Amino acid sequence: MSDDLNLLLSNLNVFYRKLQNYHWNVTGEDFFTVHEKLEEYYNDINEQIDELAEHIISKGYRVFATMKEYLEVSQIKEAESKKIHSDELWKEVLEGFKVLIENCIKIKEEADRENAYTTSSLMDDYLKDYKKKCWMISEVCKEED
Ligand SMILES: [Fe+2]
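A few points on the structure. (Residues numbered from 1 in each chain as written. Predicted model: local features only at pLDDT ≥ 70, side-chain atom pairs only at ≥ 80, totals over all residues.)

## Focus on the overall build of the protein
Logical step 1: Secondary structure assignment for the protein yields five helices and two strands.
Logical step 2: Reading the secondary structure of the protein in the N-to-C direction produces α-β-α-α-β-α-α.
Logical step 3: Computed over the C-alpha atoms, the radius of gyration of the protein is 16 Å, within 12% of the 15 Å expected from 2.2 N^0.38 for a compact globule of 145 residues.
Logical step 4: In terms of its C-alpha atoms, the protein occupies a principal-axis envelope of roughly 50 × 30 × 20 Å. (Helix = DSSP H or I, 4+ residues; strand = E, 2+ residues; numbered from the N terminus. Rg over C-alpha atoms; globule rule 2.2 N^0.38 Å.)

## Description of the nonpolar core
Logical step 1: Formed by 32 residues in total, the largest nonpolar core has its most connected members in Leu8, Leu9, Leu12, Phe15, Leu19 and Ile45.
Logical step 2: At the level of elements, α1 (2–25), α2 (31–58), α4 (86–113) and α5 (117–144) are the ones that each hand at least two residues to this core.
Logical step 3: Among the elements that take part in this core, α1 stands out by supplying nine residues, more than any other.
Logical step 4: If we ignore the near neighbours within four places in the chain, the residues touching Leu9 are Ile49, Leu52, Ala53, Ile56 and Phe64. (Core = buried A, V, L, I, M, F, W, Y, C linked by C-beta atoms within 7 Å. Buried ≥ 20, exposed ≤ 12 C-beta atoms within 10 Å, placed from the backbone. Contact = placed C-beta atoms within 7 Å.)

## So, α4
Logical step 1: For α4, which comprises 28 residues, the first-to-last C-alpha distance of 42 Å matches the rise-based estimate of 40 Å (1.5 Å per residue) to within 8%.
Logical step 2: Among the residues trailing α4, Asn115 stands out with phi positive, at a value near 50°. (Expected span 1.5 Å × (residues − 1).)

## Describing α2
Logical step 1: An ideal rise of 1.5 Å per residue puts 40 Å on 28 residues; α2 measures up with 40 Å between its terminal C-alpha atoms.
Logical step 2: Along α2, the residues that are buried comprise Val34, Lys37, Leu38, Tyr41, Tyr42, Ile45, Gln48, Leu52 and Ile56.
Logical step 3: One or two residues past the end of α2 sits Gly60, with phi positive at roughly 90°.

## A few points about unusual backbone geometry
Logical step 1: For Asn115, which is not glycine, the phi dihedral falls at a positive 50°.
Logical step 2: Note on placement: Asn115 falls in the loop between α4 and α5.
Logical step 3: Exposure remark for Asn115: the 8 C-beta atoms within 10 Å place this residue in the exposed category.

## What about the environment of Asp124?
Logical step 1: As for its position among the elements, Asp124 is in helix α5.
Logical step 2: For Asp124, a count of 12 C-beta atoms within 10 Å corresponds to the exposed category.
Logical step 3: For the pair formed by Asp124 and Lys108, sequence separation is 16 residues and the distance between their alpha carbons is 7.8 Å.

## Some words on the packing of α1 against α4
Logical step 1: The N-to-C vectors of α1 and α4 enclose an angle of 165°; their axes lie 10 Å apart at closest approach. Classed by the angle they form, the pair α1 and α4 counts as roughly antiparallel. Note on packing geometry: the crossing formed by α1 with α4 is left-handed. Across the interface between the two elements, Asp4, Leu5, Leu7, Leu8, Asn11, Phe15, Lys18 and Tyr22 of α1 pack against Leu89, Gly96, Val99, Leu100, Asn103, Cys104, Lys106, Ile107 and Glu110 of α4.
Logical step 2: Residues that form the contact of α1 with α4 fall into these classes: 10 nonpolar, three polar and four charged. (Axes fitted to C-alpha atoms, helices over the stretch in contact; angles between N-to-C directions. Parallel < 35°, antiparallel > 145°, perpendicular 65-115°, else oblique. Left-handed = near helix turned anticlockwise from the far one by under 90°. Nonpolar A, V, L, I, M, F, W, Y, C, P; charged D, E, K, R; others polar.)

If you want it as structure tokens, here you go:
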């Protein structure tokens, strides 16, 4: 269980960096909209990072707290430090949220088997959030196809 929780925490940390990178480097006519939306997303993720890390500690597990550990295990990969057009980044953002959803489902299934109620309900919160975001982002991706 602690490995899966730390994997989710690692993905969240790398995704945070990636979203802020896009927030800085996005270009295009819809700059203002995308720039702001990405800030909303990474702020949400920042809160989840703290919440999840404290949850891991409260369970008595060791919590990953270094970039080195996050980068070693993260399934989400960093973006390059360069300008990116808004058309190109949404698919990447969508893929990121899908990775988080997979992590959460695995943790929830494990938590339910172990009657770990608080972990299970925390995953419900995250799943609700990520699935709603995926739906909205997929509407943007459809328009671009
Ligand atoms: Fe900013």
